[in-house]
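Structure at a glance
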Amino acid sequence: MQQHFDSVTYALGSAEIEAQLENTQPLPIFSEEALRFLPAFSARILADAEAKAYPDVVTLGFWCRPAALRQMQKLYDAERSRLGRGIVFHIAPSNVAVNFAYSCLAAFLAGNASIVRLPSKDFPQVDVLCRIFAQTLVDFPALLPYFLFVRYGHVQEVNEHYSWMCQTRVVWGGDATIEAIRRAALSPRTNEITFADRHSLAVIDAPAYLAAEDKERIAQDFYNDTYLSDQNACTAPRFVVWLGAAEKVKVAQNLFWRTLHALVKDRYTLQGVQAVDKLTQVYRLGACFEVRQVPMEDNLITRVCVAELTEELAAYRPGSGFFIEYRAQELAEIRPLCGISCQTLSYYGVERETLLRAVLAMRPAGVDRIVPMGRTMDFALVWDGVDLIRTMSRVISTI
């Protein structure tokens, strides 16, 4: 039975659309409907003057181009007997603007309708994308019941309502959010996907960096991985591990951070509260570990070198350009950071296969992604080790 909540506002859809959701039919994975809608949505993003001001929105547009969709679909060509589970209820993270769109588009590719609780933070990208979703749906009126975007505060009754409606619940946003949302019961056949608090690290080979001619591009890639999200995204490296002899590492560090600083100074604004938080983190680290803060000309980049890597360091969650550095003689030394909370390992100057073999030899509880520097925020249908298409769909088996 449809309920009305005064606390809910609709950014896309309406109470009438919501009332239709329970009668919406699941689609096959990579359905004809999805493979028509997503390219149209992509084309509107890439042609939209306002969207072009936001790199993360443009990246989303490229992600759902026809060529990209064909590459994604190849992974599931042998599984054409899959249907969507029904309705997916998404709790979007408050710190990443476009994540909600990736999440619901992945659900649509898996054959589902979506109810999306939008980020609580006021991102202009969210408004741009809601507008483009609405404009695209004008040409696809039959798909209106598959996209419902809502805003509401911390209202348990609403959480319970949408949780009971859905067949899959997807919770982004960390441990505290997961704990709060799990107070709302799910129906017996509903499954749940959760994305908890994670940390990430970058590995840089010092000799390779020193030999590189494109140090400005490397700085841009690292900036995109970190400062674009204020290091709030789980994908953003907090730890930078350098490989190489001490003298090589020292020269590489000076060049790397100096080149990055020129970029940060031109593009990034540090707020007073962020500066205070960074200072607090320095004191906390200094109280518990053997550390050395590296002097910098201002507070835009904060560097703290540690004498050894320990599992306890993973609990520190600095942001706003705060980096914990370590020089390693071999890749095996990163193992203490590769526990269950470790998500993304980015790299520069290290062979991908060498890195993969080293990680597999460690048999870590974490590390779900190994990506080149500059690619940490690239969304994929396998995220945090979870295959979103398979988890948000069901297979009809035959004998």
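Structure shown above.
Since the model is a prediction, treat every value here as computed from it, not as a measurement.

This paragraph deals with the overall build of the protein chain. Broken down by element type, the protein chain carries 14 helices and 17 strands. Compactness check: the protein chain gives a C-alpha radius of gyration of 22 Å against a globular reference of 21 Å for 399 residues, within 12% of the reference. Reported as C-alpha extents along the three principal axes, the dimensions of the protein chain are approximately 65 × 50 × 45 Å. Looking at the protein chain as a whole, 52% of its 399 residues are labelled buried. Of the contacts made within the protein chain by residues no fewer than 6 positions apart, 75% connect residues no fewer than 24 positions apart. Counting only carbon and sulfur atoms, one obtains 52% of the accessible surface of the protein chain, whose full area is about 18,200 Å². Computing the positive centroid from 40 side-chain charges and the negative centroid from 45, the protein chain places the two 3 Å apart.

The subject of this paragraph is the packing of helix H5 (residues 99–109) against helix H6 (residues 124–137). Look at H5 against H6: their axes get within 10 Å of each other, and the N-to-C directions meet at 35°. For the pair H5 and H6, contact is made by Phe100, Ala101, Cys104 and Leu105 and by Val126, Leu129 and Phe133, respectively. For the contact of H5 with H6, a count of residues per class yields seven nonpolar, no polar and no charged.

Per the counting criterion, the structure on display carries 32 aromatic pairs. Ring centres of phenylalanine 37 and phenylalanine 133 lie 6.3 Å apart, and the angle between their planes is 25°; this geometry places the pair in the stacked category. Of this pair, phenylalanine 37 sits in helix H2 (residues 32–47) while phenylalanine 133 sits in helix H6, placing them 96 residues apart in sequence. Comparing phenylalanine 37 with phenylalanine 133, the two get one shared label, buried. A ring pair is formed by phenylalanine 133 and phenylalanine 149, whose centres lie 5.0 Å apart and whose planes are at 90°; its orientation type is edge-to-face. Taken together, the residues phenylalanine 133 in helix H6 and phenylalanine 149 in strand S5 (residues 147–151) connect sequence positions 16 residues apart. The class of phenylalanine 133 is buried, set by a relative accessible area of 0%. In this structure, arginine 117 is placed above the aromatic ring of tyrosine 152, and the distance from its NZ or CZ to the ring centre is 4.6 Å.

When a protein is soluble and globular, its nonpolar side chains tend to lie buried together. Judged by nonpolar contacts, the single largest core of 76 residues is most densely connected at Phe37, Phe41, Trp63, Leu105, Phe133, Phe147 and Phe149. With nine residues, the single largest contributor to this core is H5. In this structure, tryptophan 63 is in contact with Ala68, Met72, Tyr102, Leu105, Leu109, Phe379 and Leu381, ignoring residues within four places of it in sequence. Among the nonpolar cores identified, the runner-up in size contains 29 residues, and Val241, Ile324, Leu337 and Val367 belong to it.

Conventions adopted
- Residues numbered from 1 in each chain as written.
- Predicted model: local features only at pLDDT ≥ 70, side-chain atom pairs only at ≥ 80, totals over all residues.
- Heavy atoms only, no water.
- Helix = DSSP H or I, 4+ residues; strand = E, 2+ residues; numbered from the N terminus.
- Rg over C-alpha atoms; globule rule 2.2 N^0.38 Å.
- Buried < 20%, exposed > 50% of the residue type's maximum accessible area, 1.4 Å probe, protein only.
- Contact = heavy atoms within 4.5 Å.
- Areas by Shrake-Rupley, 256 points an atom, 1.4 Å probe, with all protein chains shown as cover.
- Lys, Arg positive; Asp, Glu negative; His and termini not counted.
- Charge placed at Lys NZ, Arg CZ, Asp CG, Glu CD.
- Axes fitted to C-alpha atoms, helices over the stretch in contact; angles between N-to-C directions.
- Nonpolar A, V, L, I, M, F, W, Y, C, P; charged D, E, K, R; others polar.
- Phe/Tyr/Trp six-rings, centres within 6.5 Å; stacked < 30°, edge-to-face > 60°.
- Lys NZ or Arg CZ within 6 Å of the ring centre and 35° of its normal.
- Core = buried A, V, L, I, M, F, W, Y, C linked by side-chain atoms within 4.5 Å.

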